[in-house]
Amino acid sequence: MFRKAVVGIVNFLFCHVFYRVKYINKEKIDNMGKCVVCANHSIMMEPAWLYCKTKNMWIMAKAELFKFKPVAKFFLYFNVFPIKRGQKDAKSIIHSINVLQQNENAKLLIFPEGTRIKKDKERGKAKAGPIYIAAKAGVPILPVYLTKNAKVFSSPRVIYGDPIEIPESVLEDKAEVQRYADMLLDKIYDLKKLD
C-alpha cells in the first residue's frame, strides 16, 4: 500500500505536473517479458519517468546515493540498488543477473553511459556492463530515448525502440562486447528522430 501510494505521488508530480511526459511506443515495454532497459541520461528525474510507468522495474544507480542510511533503505525498498562506478563491481553485476533470472517479467533499468550527460556534450561513451548482464541473464535489451535536458513544465518524450537480442557468445570476445555496447548506444540516440 505504501509503495503504491508513493509511486502514485511521484507519478503525479514528476510525470504530469513538473514534467508533462509523453510516452511514444510504450506498448513495446508493456508487451515485454524480462529485459534490460537502457536509456540516455541527462537529468535527475528521468528514472521516475520510467519507474512509475513500468511494472516490476529495478534500477541500477550510483553507489554515492546510498551513503545516507535512511535514503539507502528507501531506495532498496523501491528496487533501486547501488553500483560502484569506475571499477569492476562484481557484487552488483551478479545481483543484476539474479534480479533478471529470479523475478517474473523483471525490467532492469541501466544508463549505459554510466552518468548524466551534461548540456555541452552530445553523448557519452558506451559501457559494456548492460551487454554483459543481458547476455548472462539471457534477456534482450530495450533501448529508450529520453528528451535531453528537459526543463521543468516542459513536455519531454520517452521513446521506446525495438528490443535487441544479445547472444551469450559475444562474451567470448571483449571487442565484440564493446561493439554491441556501441551499437546499443547508437540505437538509443537513433530514436531521437521521433522526439
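Please refer to the structure higher up on the page.
Just so you know, these numbers come straight off a predicted model, no measurement behind them.

Draft legend 1. How the structure looks around the nonpolar core. Counting residues in each nonpolar core, the largest one holds 35 residues, and the members touching the most others are Val36, Leu100, Ile131, Ile133, Ile141 and Ile166. The element contributing the most residues to this core is helix H7 (residues 174-190), with 7 residues. Not counting chain neighbours up to four residues away, the residues in contact with Val36 comprise Leu100, Leu108, Ile110, Ile133, Ala134, Val139, Pro140, Ile141 and Leu142. Tyr19, Val37, Phe78 and Val80 belong to the second-largest nonpolar core, a separate cluster that totals 30 residues.

Draft legend 2. Region of interest: the packing of aromatic side chains. According to the stated counting rule, one finds 10 aromatic pairs in the structure shown. When the centroid spacing of 5.9 Å and the interplanar angle of 50° are considered together, the rings of Phe2 and Tyr77 count as tilted. In this pair, Phe2 sits in helix H1 (residues 2-17) while Tyr77 sits in helix H4 (residues 69-77), placing the two residues 75 residues apart along the sequence. Here Tyr77 falls in the partly exposed class, since its relative accessible area comes to 35%.

Draft legend 3. Region of the structure containing the state of the cysteines. Scanning all chains against the criterion turns up 0 disulfides. With no disulfide of its own, Cys15 has Cys52 as its nearest cysteine by sulfur position, at a separation of 4.6 Å. Given the relative accessible area of 1%, Cys15 is considered buried.

Draft legend 4. Expanded view of the packing of helix H5 (residues 90-102) against helix H6 (residues 129-137). Two elements in contact, H5 and H6, have axes separated by 9 Å at closest approach and are oriented at 45°. Taken together, the axes of H5 and H6 lie oblique to each other. Every pair of crossing elements has a handedness; the one defined by H5 and H6 is right-handed. For the pair H5 and H6, contact is made by Ile93, Ser96, Ile97, Leu100 and Gln101 and by Tyr132, Ile133, Lys136 and Ala137, respectively. When the residues that make up the contact of H5 with H6 are grouped by side-chain class, the tally is 6 nonpolar, 2 polar and 1 charged.

The rules behind the values
Chains are numbered independently. Their residues run from 1 in the order of the written sequence. Since the coordinates come from a predicted model, pLDDT governs what is reported: local features require at least 70, and pairs of side-chain atoms require 80 or more to be given and counted, while whole-chain, interface and lining totals use all residues. Derived side-chain values reflect all non-hydrogen atoms in the structure, with water molecules and hydrogen atoms excluded from consideration. Definition used in this section: a nonpolar core is a set of buried Ala, Val, Leu, Ile, Met, Phe, Trp, Tyr and Cys residues joined via side-chain atoms within 4.5 Å. Three labels apply to residues, based on accessible area from a 1.4 Å probe with only protein chains included: buried if under 20% of the type maximum, exposed if over 50%, partly exposed otherwise in between. Strands are runs of DSSP state E lasting at least 2 residues, helices are runs of H or I lasting at least 4, and numbering of each runs from the N terminus. When checking whether two residues touch, look at their non-hydrogen atoms; a contact exists if any pair is within 4.5 Å. Any two rings among Phe, Tyr and Trp, with Trp reduced to its six-membered ring, count as a pair given centres within 6.5 Å; such a pair is stacked if its planes are under 30 degrees apart, edge-to-face if over 60, and tilted if neither. Throughout, disulfides are identified as pairs of cysteine sulfur atoms within 2.5 Å of each other. The angle between two axes is taken between their N-to-C directions and runs from 0 to 180 degrees, where each axis is a line fitted to C-alpha atoms and a helix contributes only its stretch in contact. Under this scheme an angle from 65 to 115 degrees is roughly perpendicular, one under 35 degrees roughly parallel, and one over 145 degrees roughly antiparallel; angles in between are oblique. Note on convention: near helix rotated counterclockwise from far helix by under a right angle means a left-handed crossing. Clockwise means right-handed. In this count, Pro and Cys sit with the nonpolar residues alongside Ala, Val, Leu, Ile, Met, Phe, Trp and Tyr, while Asp, Glu, Lys and Arg are called charged and the others, Gly among them, polar.

The analysis is restricted to geometry; functional conclusions fall outside its scope.
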